[in-house]
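Coordinate inspection notes
Next come the chains, spelled out residue by residue.
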Amino acid sequence: MEQNQVQPQGRSAVPGAESCGPSVADELVDKLRAIVGADGLLTVPSELVTYECDGFTLEKISPRAVVFPHSAEQVQQIVRACVAAGVPFLPRGAGTSLAGGTVPVGRAVVIALTRMKRILEVSVRDRYAVVEPGVVNLWLTRRVAGHGFHFAPDPSSQGACTIGGNVATNSGGPHTLKYGVTVNHVLGLEMVLPDGDLIRVGGPAQEYPGADLVGAIVGCEGTFGIVTKIWVRLTRNPQGYRTLLGIFETVDDATNTISDIIGAGILPAALEMMDRLIIQAVEDAFGFGFPRDAGAVLIIEVDGLEPALDEEAQRIVAIAQRHRVRDIRQARDEQERQLLWKCRKQAFGAVGRLAPSYCTQDGVVPRTQLPHMLRYIQQVSQKYGIPICNVFHAGDGNLHPILLFDERDADACRRVLAASDEIMRECLRLGGSVTGEHGIGVEKINYMAHMFTPEDLDMMLRLRKVFNPDNWCSPGKMFPTGGVCLEVTKPGRRAPL
Amino acid sequence: MHSRGVFDPEHARQMGLPVVDVWQPGSVEEVADCVHRARRQQVAIYPVGGGTLLAFGQPSTRPGILLDMSRLQQTVEYPARDLTITMQVGVTAGGLEQILQQEGQTLPVDIPRADQATLGGAVACNLSGPRRLGFGTLRDYLIGIQYVNDRGDVCKAGGRVVKNVAGYDLCKLFIGSLGALGILTALTFKVRPLPGDSALVLVHCPDGHLPILLDVLSRSATQPTALEVLDAQATARLHALAGWRPQQLHWLVVIGYQEHARNVAWQLEQVAKELQSHPVALVHRSLGPDSQPLWRALADGLYCVVPQWTDSEQADGRWILVRASAPPSRMAELCRYARGRDWAVQAHAGSGIMLAALDASDSDRCVASVNELRQVTAQAGGAAAVVSCPASLRPQCPWWDPARPEVSLMARIKRAFDPTGIFNPGRFVEGL
C-alpha cells in the first residue's frame, strides 16, 4: 500500500497521530459533526477516496475525516477539537495542487474550504476584494470583469482552483511574467492558527507597519494555519493586447528568441513555449491549426496602452526573424486569442493522448540558460529512452518538462525518476530552483536539502514554529525533518482522462 | 570607500542608539565574525547603512556595537540579460541605479536620499515613494537574500531566479523588519528595463475639490505611474525646481507617467482632456529628462525633515514624521484632516500612503496629534507608523500602534529569530 510509504512527521512532531485508538477518533468525529452538522462531514471510506491526494497522485493517504466548515468560527472549533484529540489536520481547496500539498499525512483531518466561497466585498475604487478561501480564482475575475478589472494570478487550473489554494502555493500562471505571482496580489489575510486563535495581518490598505507577514505567509503550503479570509488586489484590464504566435523549426531558435526578447528589455505580459510533441497532442485535442512539423511554437502577448503596442509587437517580430522564425502572426481577433490561450492552458489535458502516465517537473533556470537547458533535457530524454515534451512559462525561465511513460513498466518508472533527478540537479547547478510555482509539498521534500543548508532550513523551521509550534497543521510537508523519509518509488501521475 | 565617512558614536547616542563602539566589516565572513564577537562580549549589534533613518523604531537601551555596513560594496552578480542583480547591502540606492542604467535597466522603487541610503537599510525600513503606484514596492522585486543569523551563520532564502516557491519566503519577512531578525548582507532583485520616457503634470486643486479630483483620476483612462498630493508646506522645496511661486496654494496634485514615449504622449493629451471640466489650474509640466530633478525631489519629499547623523546641531531633530496608510478612497479626507491640524502633507494618493510631518517644538500637543492621526487612520482601515521623531518624544510616540493585531505575532517572530536579543534590541517591539 502506498500509504505505508508516507509517515507522519515522527511521533514527537505529531504526538498521538498514530497511537490514538478508535474510541478517541470516534469521539473526534462526533465533535466534528456537532460543529459542522452531518452534511458537513465525510467519514465513509468510499467518500474519502477523492481526498487521498491532489494532482500528485503518487502518494495517497486516506484522511481520518473531511470537514466542510462554513465560517472561521467553525474552523477554530475544528482545529481545537483535532488538537485535543491528538489528530493532525490540514486545509484543502479544490485539490488541483501538483506537489502533494493536500496529502493528509498522518491520517489527518482534511478541512475542505470549498463551502467558504463567498466574495465578501468588492471595492473597484480601492482596487481590492475580500474573499473567502473557497472562492474559485476565475469567479472573482468574472465578478469584476464588468468594471474592467481582473484578479491577475491565472494558473492553468483557474477555472477550478481556489484563491485559498493560490495563497497556500503562491500560484503563478502565464501572465505572472508581467503582473507577478499570487503574493504580489495579496494585501491581507485572516488565519486560524493551530491553537485556534484567529489572527489578521494586512488588510485593505497597501501597507501596514512592520515586517511583511502577509508575504511570509503566502506560499507556506498550509503549514502555518488555515486561511479563512483574503484581501486581494484587483488589476485593471489592459487597454489592448497583441498576441503573437511564432512558429520555429527548432527549439533552439525559439529559446534564443525568448532570451533575446527579455535581454532587449521588452516585458511581455506572457511568453510561453510548446515543443513539437506537445504541439501534436494539442493539435489532436483542439485542432487550432498549429503545424504538426514545427520544432516549437511561442505564444507571446504584449499588453498595455494602445499607442505603443504595435511597435512592441514589431520589435518582437524582428527578434524572432533574426532567429529564423518560419512564420509569426498576430491573433486576428479576441476569439482567436482566447482559443490560443485555451490551447496553452489545457495543454496538460492533451498529454493523455501521448502516454498512459506522465510526470511533470517545475524547475526554474535563469532565462539566458533556457537554450542550454532545453538541449540538456533532450539529452536526458535520449539517455534514458523517456520521451519528454515541454510546455512552459518561458519568459520566467520556469520549465515544465513532461516525462511520458507507462507506470505499469517498472523499469520505465525507475528511468523517469533518474531522468527527473538529472533535470532538477541541472536547474540547481545553473543557479535555479526545483519549483517555480507548484510547491514542495511531499513531492520535492528531498530537494530542500540540496537547495538550502541546514542553517537555512533551521531559520525556516523557526518561522514555522512561531505559527505551528507542535506541527499539528499539515505535518510532513516541505521540510525533510523529524525522521520523515519519503521514498519515492514511482514517478508522477496518471494522465487525466 | 563610502563617501559618508565614519559614524560618531556620540551622534548615534543622541539619536537613541546606545553605541559603545563602531565596527566596519568588509565581507560577509567578517559580519559573521562580528556576530560571534558580539555574542562573546554580550553586547548588542546595531546594523547601520547610510544612517538616513536612524530614529526609525523604538529607542534601544542595551549597549552595543554600531555595525557600519557601508563597506559591503560588491556587485555579487549582474547577469543583465536575465534582468536580475545581486548586490551587497552597503551599496547605496543611487549607486545601484548607476550600475543598472549602464545596461538600460532600473529598480524603479523610490528610496529617499538615494545617494546616501543603502539597499540594506531600504529593505529593512521597507522604503518606497511616488512610483509605487506604477511599479510596486521592494516586495515586488526582492527575490533572494543572504543574511547572518543570531548564531553567526551565513544563511540565505529565495534565490536568483525570478520565480521560486521553494521554502518559506523569508525575503518578505525581512522587508520592514528594521534589522531585528538578522543582518542582511546581500540582496537579489529582479529589475526592469528603463522606461522610454517620463513626464510630470502639476496642477493646483482647490481644497473642496480634492476628493472629486482624486476620484476622477482613479478612473482615468491613463495609468499614472505616480499620483501625489502635496500641501503648501510640502511643496516648498519643489518651487525652485518647477520655477514657480504658489499663490495661496491649497493642494498641488502631481500626475506622473514613466512609460514608452508614445504612451506618455497619449496620456498627457488624455489627462488634459479629462481635467478640462474641473476647477484645477495647470501649474507646470515637466517632460523627458528635464523632469528627473522633480521626480527626485518628489521621492525625497517630506523625508527632508528627518535629521541626519552628520548634522550634530540637528541630531535630535525638530520634526516628527508619520507614514500613514489607508485605502486610496480615504486619502483626500486624511490629507485634509492632517493639514487642518498643521501637519505638512505629502500623499502617494493613488496608493493610499500619506506622509505627514509636524513641528515637534510643542511636545505635548505633538503627542496628542500623533495619537489622533493614528486613530483617524485606523478608522479608515489603515495604520500609521512614526518614521522619525525627536529622541525625547520617542517613549511617548511608539513607532507603531501597540494595539495593532500583528504586534504579538511580530514579537513571537523576533523571539524565534533572535532569542538573546542581539539585533537592534528594543527597536522592533518594545522590550525585545
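What counts and what doesn't
Residues numbered from 1 in each chain as written. Chains lettered and ligands numbered in written order. Predicted model: local features only at pLDDT ≥ 70, side-chain atom pairs only at ≥ 80, totals over all residues. Heavy atoms only, no water. Core = buried A, V, L, I, M, F, W, Y, C linked by side-chain atoms within 4.5 Å. Buried < 20%, exposed > 50% of the residue type's maximum accessible area, 1.4 Å probe, protein only. Helix = DSSP H or I, 4+ residues; strand = E, 2+ residues; numbered from the N terminus. Contact = heavy atoms within 4.5 Å. Expected span 1.5 Å × (residues − 1). Buried area = accessible area lost by both parts, 1.4 Å probe. Salt bridge = Lys/Arg side-chain N within 4 Å of Asp/Glu carboxyl O. Polar contact = N/O pair within 3.5 Å; in protein donor to acceptor, adjacent residues only side chain to side chain. Nonpolar A, V, L, I, M, F, W, Y, C, P; charged D, E, K, R; others polar. Disulfide = S-S within 2.5 Å.

Core analysis: the biggest nonpolar cluster contains 188 residues, and Leu140, Leu189, Leu463 and Phe467 of chain A together with Leu170, Leu173 and Phe189 of chain B have the highest contact counts within it. The element that contributes the greatest number of residues to this core is helix H15 (residues 410–429) of chain A, accounting for eight residues. For phenylalanine 189 of chain B, the contacting residues outside a window of four places in its chain are Leu83, Thr84, Ile85, Leu107, Leu119, Val123, Leu138, Tyr141, Leu142 and Ile143 of chain B.

It is worth spelling out helix H12 (residues 334–345) of chain A at this point. A rise of 1.5 Å per residue sets the reference length of H12 of chain A, with its 12 residues, at 16 Å; its end C-alpha atoms lie 16 Å apart and thus fit the reference within 8%. Taken together, the buried positions of H12 of chain A are occupied by Glu336, Arg337, Leu340, Trp341, Cys343, Arg344 and Lys345 of chain A.

In this assembly, 77 residues from chain B lie in contact with 80 residues from chain A. For the pairing of chain B and chain A, the buried interface totals around 6,500 Å² over both sides, and the portion due to carbon and sulfur atoms is 55%. For chain B, the biggest contributors to the area lost against chain A are Lys163, Val165 and Tyr168 of chain B; these three give 15% of the whole. Taken together, the links from chain B to chain A amount to 11 salt bridges. Residue arginine 132 of chain B pairs with glutamate 207 of chain A through a salt bridge whose shortest N-O separation is 2.6 Å. Our enumeration of links across chain B and chain A arrives at 34 residue pairs in polar contact (both at pLDDT 80 or more). It is helix H14 (residues 406–417) of chain B that contributes the most residues to the side of chain B that touches chain A, seven residues altogether. The residue makeup of the side of chain B that touches chain A, split by class, is 34 nonpolar, 20 polar and 23 charged.

All names here are of chain B. Taken as a whole, this structure holds zero disulfides over all chains when the rule is applied. Distance from the sulfur of cysteine 125, which forms no disulfide, to the nearest cysteine sulfur (cysteine 389) is 15 Å. As a non-bridged cysteine, cysteine 155 has cysteine 171 as the owner of its nearest cysteine sulfur, 13 Å distant. Accessibility expressed as a relative area gives 1% for cysteine 155, which makes it buried.

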